[in-house]
Amino acid sequence: MKRIFFLFFSLVIGSPLLCGVLFAVLFVMFVGLTIPQIPSWAQAGVAAWMMDQPQETYDETAHTGPPGSPYNGHQIPYERADYTYTGNESFRCILPPQYGYLTDWYGTARDGGYVHSGIDYGCYWRAVPVYTPMGGKVVYAGWSEVGYGNLVIIESGNFRVFLAHNSEMIVQENDEVDAGDPIGLCGSTGNSTGPHVHFEVRIWNETEQRWTPVDPNAITLPGQEAHCDWYALKTGAPPNP
Ligand SMILES: [Zn+2]
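Source: prediction; values computed, not measured.

Q: Just give me the short version of the state of the cysteines, but keep the residues and values in it.
A: Counted by the stated rule, this structure contains one disulfide. Each disulfide pairs two cysteine sulfurs, and for C123 the partner residue is C186, the sulfurs being separated by 2.0 Å. Judged by the torsion about the S-S bond (-80 degrees), the C123/C186 disulfide is left-handed. In this pair, C123 is assigned in the loop between β4 (119–122) and β5 (129–131) and C186 in the loop between β11 (182–185) and β12 (196–205), connecting sequence segments 63 residues apart. For C186, a relative accessible area of 3% translates into the label buried.

Q: Could you give an account of the sheet that holds β5, naming the residues involved and the relevant values?
A: Picture the strands of a sheet paired through backbone hydrogen bonds; they go either parallel or antiparallel. Overall, antiparallel pairing links the three strands, which are arranged β5-β11-β9 in an open sheet. The two strands at the open ends of the sheet, each matched to only one other strand, are β5 and β9 (168–169). One ladder, built from two bridges, connects β9 with β11; its direction is antiparallel. If you follow M169 over to β11, its bridge partner there is G184.

Q: Let's hear about the environment of T220: which residues, and what values?
A: Here T220 lies in the segment after β13 (210–214). Residues T220 and C93, spaced 127 residues apart in sequence, show a C-alpha to C-alpha distance of 9.6 Å. Residues contacting T220, with those up to four places away along its chain left out, are F159, A226 and H227.

Cut-offs applied
- Residues numbered from 1 in each chain as written.
- Predicted model: local features only at pLDDT ≥ 70, side-chain atom pairs only at ≥ 80, totals over all residues.
- Heavy atoms only, no water.
- Disulfide = S-S within 2.5 Å.
- Helix = DSSP H or I, 4+ residues; strand = E, 2+ residues; numbered from the N terminus.
- Buried < 20%, exposed > 50% of the residue type's maximum accessible area, 1.4 Å probe, protein only.
- Pairing = 2+ DSSP bridges.
- Contact = heavy atoms within 4.5 Å.

Spelled out as structure tokens, the structure:
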């Protein structure tokens with residue numbers, strides 16, 4: 001009887017358990033042996049992908065030049081035409097998704113040892129329009145290879161606004177947009193766990209020669225008459241369209 005029980009235990013319960021452990025060990029070895037062999041610039045992304053970590057992070061490729069120069073997201077380069085913005089820049093505090101709710105703050109810690117570079121607004125799992133809070137020139141409208149999904153970048157002076165994870169984009173590079181214009185539809189493309197808009201502001205840092213993310217709450221965007229409290233705008237019961 002004891003023997004039968006032992007046999008039963010080892011075959012029916014033991015085998016799947018062993019298989020599971022073996023699989024876990026092999027997977028960890030696979031990840032551990034693969035990552036060091038790929039170029040260093042790709043390691044973080046591959047590690048994040050293999051271990052299913054969020055990849056939304058600094059995009060070093062965006063720090064390629066001063067205002068007016070190309071955003072080099074490994075996509076079609078942006079050729080600068082003589083750029084003079086003449087649109088309406090007087091809008092204030094237009095929220096990226098008009099219907100949405102705050103889901104993450106600027107500066108929160110993320111897996112992988114970096115901080116969140118923007119503010120996230122959930123959009124109730126609906127492809128509601130995404131509005132730009134700043135007028136300017138669309139310097140990028142395309143796929144991001146670093147986790148932003150369908151990404152739209154609008155530039156005005158030394159400011160860039162990133163609106164990420166769109167399901168669709170309705171602007172093209174070189175378009176001129178006004179604050180309050182829709183630029184796409186809310187989505188969950190790229191590294192995202194649910195439909196939301198990642199709203200990020202970067203300022204050209206002349207000393208470091210790169211576009212640096214800043215806390216949107218700490219600055220006043222071009223065209224705004226005063227400071228916007230991006231968090232306060234989303235407190236309380238938001239409308240559910
Ligand atoms: Zn985000």
